[in-house]
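# Summary of structural features
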Amino acid sequence: MRKITVTKNEAGQRLLKLLAKYLDTAPQGFLHKMLRKKNITLNGKKADGSEQLTEADEVCLFLSEETILSFQSRTGQRTDNENGRAKAFTALQVLYEDEDILLLNKPAGVLSQKAEASDVSANEWLISYLLEKGALTEAELQTFRPAVCNRLDRNTSGILTAGKSLAGLQTLSRLLKERSLCKEYYCIVCGRVEQGGRIEDFLAKDEKTNRVTVTRTRESEEAAPVVTEYMPISRTGQYTLLRVHLITGKTHQIRAQLAAAGHPLLGDGKYGDAGTNRAMRERFSLKHHLLHAAYLAFPEEMDACPQLAGKEFFAPVPALFERVARELGVYTEELSV
């Protein structure tokens, strides 16, 4: 027999949903049968699976250990290889942490979330970090999984938001969907940008090439409206440091819109200028675009996770970004506040 004591992160869902997570390869028919035969009970009583769980409820599985293990995949467990690779992300800096959320400063070169099953991303680092500090157990991973909530391109550095609790995950997901979080980026672009502006385009993604196209008019049903605001902070005759306010949040949005506007990011192999990128690679060994998610602000009023209301967070730019900015003459002190 195995007993599951419902935690606050598991409360609020139906019993059958929790069982489907815990025994994640078991057919629904098997779960219903075990409930009917009282091989699975809720608080010592027969249940049908529709019951809404509350914290401290007890779910008992009167099943052999062999049966339980046969219906559990390895999705909640880490291989030794994953452990080692996740721990290797020592450059991931914790900017803020409370019982509900965690904010990370992600370096360029690290995936936010897995693209393929074999990948190790900031999500795996998060799980490893929480397990090692005792904020999460392997058993809890069977029914609840903390996760990164926003995505940054592999080579975009800066602030990643992650939910540690169910409340944190739900709150961050809602704020991102509602666009209630203020997100600002720094980037270095080609050309001299004289004044700030607002770019409104339509963006369509080609899944096969992982490239996007931006147009001023909507040319297909798949094209989504995208809006970006920008302000020049420092400039020379050839380069400009921009502070960018992301209004919408689509794949490669900032990179593609600025390139289409005639100001591609330095180092951007997809949308940038090949000649400039080659010069930057030779001079600075720059092999990726310079885009950094530097600033995040929460709404002044929040019903859930009120400890975050009105809070602002800043992630200093990476050393390479700072070096390039200094040597090109566009560095300002606000990059390292």
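This text gives an overview of the structure that appears in the document.

What follows concerns unusual backbone geometry. Glycine aside, a negative phi is what most residues show, and trans is what most peptide bonds show. Located in the positive-phi region is Asn43, a residue other than glycine, with phi close to 55 degrees. With respect to the helices and strands, Asn43 occurs in the loop between β2 (40-42) and β3 (45-46). Classification of Asn43 by relative accessible area gives partly exposed; the value is 41%. Positive phi is not limited to glycine here, since Arg179 has a value of about 60 degrees. With respect to the element layout, Arg179 can be found in the loop between α6 (166-178) and β9 (182-190).

Now for the sheet that holds β3. Hydrogen bonds between backbone atoms are what pair the strands of a sheet, whose relative direction is either parallel or antiparallel. Pairing is antiparallel across the open sheet formed by four strands, whose spatial order is β1-β4-β2-β3. Lying at the two open borders of the sheet, with one neighbouring strand each, are β1 (2-5) and β3. Bridging between β1 and strand β4 (residues 58-61) involves four bridges; their strand directions are antiparallel. Among the inter-strand pairings, Ile4 is bridged to a residue of β4, identified as Val59. The strands touched by helix α1 (residues 15-22) within the sheet are β1, β2 and β4, with β4 carrying the most contacts at an inclination of about 50 degrees.

Before going further, it helps to examine a negative patch on the surface. A surface patch of negative charge is lined by Glu300, Glu301, Asp303 and Glu312. As for its position among the elements, Asp303 is in the loop between β14 (291-297) and β15 (312-314).

Judged by side-chain charge, Lys33, Arg36, Lys37, Lys38 and Lys46 come together as a positively charged surface patch. For Lys37, the location among the structural elements is in the loop between α2 (28-36) and β2. The class for Lys37 is exposed, based on a relative accessible area of 52%.

A separate point is the packing of α1 against α2. It is the contact of α1 with α2, at a shortest axis distance of 11 Å, that shows an interaxial angle of 120 degrees. The angle between α1 and α2 falls in the class oblique. Handedness of the α1/α2 crossing: right-handed. Note on element contacts: α2 touches α1 through Gln28, Leu31, His32 and Leu35, opposite Leu15, Leu16, Leu19 and Ala20. Taken together, the residues of the contact of α1 with α2 break down into six nonpolar, two polar and no charged.

Analysis parameters
Residues numbered from 1 in each chain as written. Predicted model: local features only at pLDDT ≥ 70, side-chain atom pairs only at ≥ 80, totals over all residues. Heavy atoms only, no water. Helix = DSSP H or I, 4+ residues; strand = E, 2+ residues; numbered from the N terminus. Buried < 20%, exposed > 50% of the residue type's maximum accessible area, 1.4 Å probe, protein only. Pairing = 2+ DSSP bridges. Contact = heavy atoms within 4.5 Å. Axes fitted to C-alpha atoms, helices over the stretch in contact; angles between N-to-C directions. Patch = residues over 30% accessible without salt bridge, like charges linked within 9 Å, V, L, I, M, F, W, Y side chains within 5 Å. Areas by Shrake-Rupley, 256 points an atom, 1.4 Å probe, with all protein chains shown as cover. Salt bridge = Lys/Arg side-chain N within 4 Å of Asp/Glu carboxyl O. Lys, Arg positive; Asp, Glu negative; His and termini not counted. Charge placed at Lys NZ, Arg CZ, Asp CG, Glu CD. Parallel < 35°, antiparallel > 145°, perpendicular 65-115°, else oblique. Left-handed = near helix turned anticlockwise from the far one by under 90°. Nonpolar A, V, L, I, M, F, W, Y, C, P; charged D, E, K, R; others polar.

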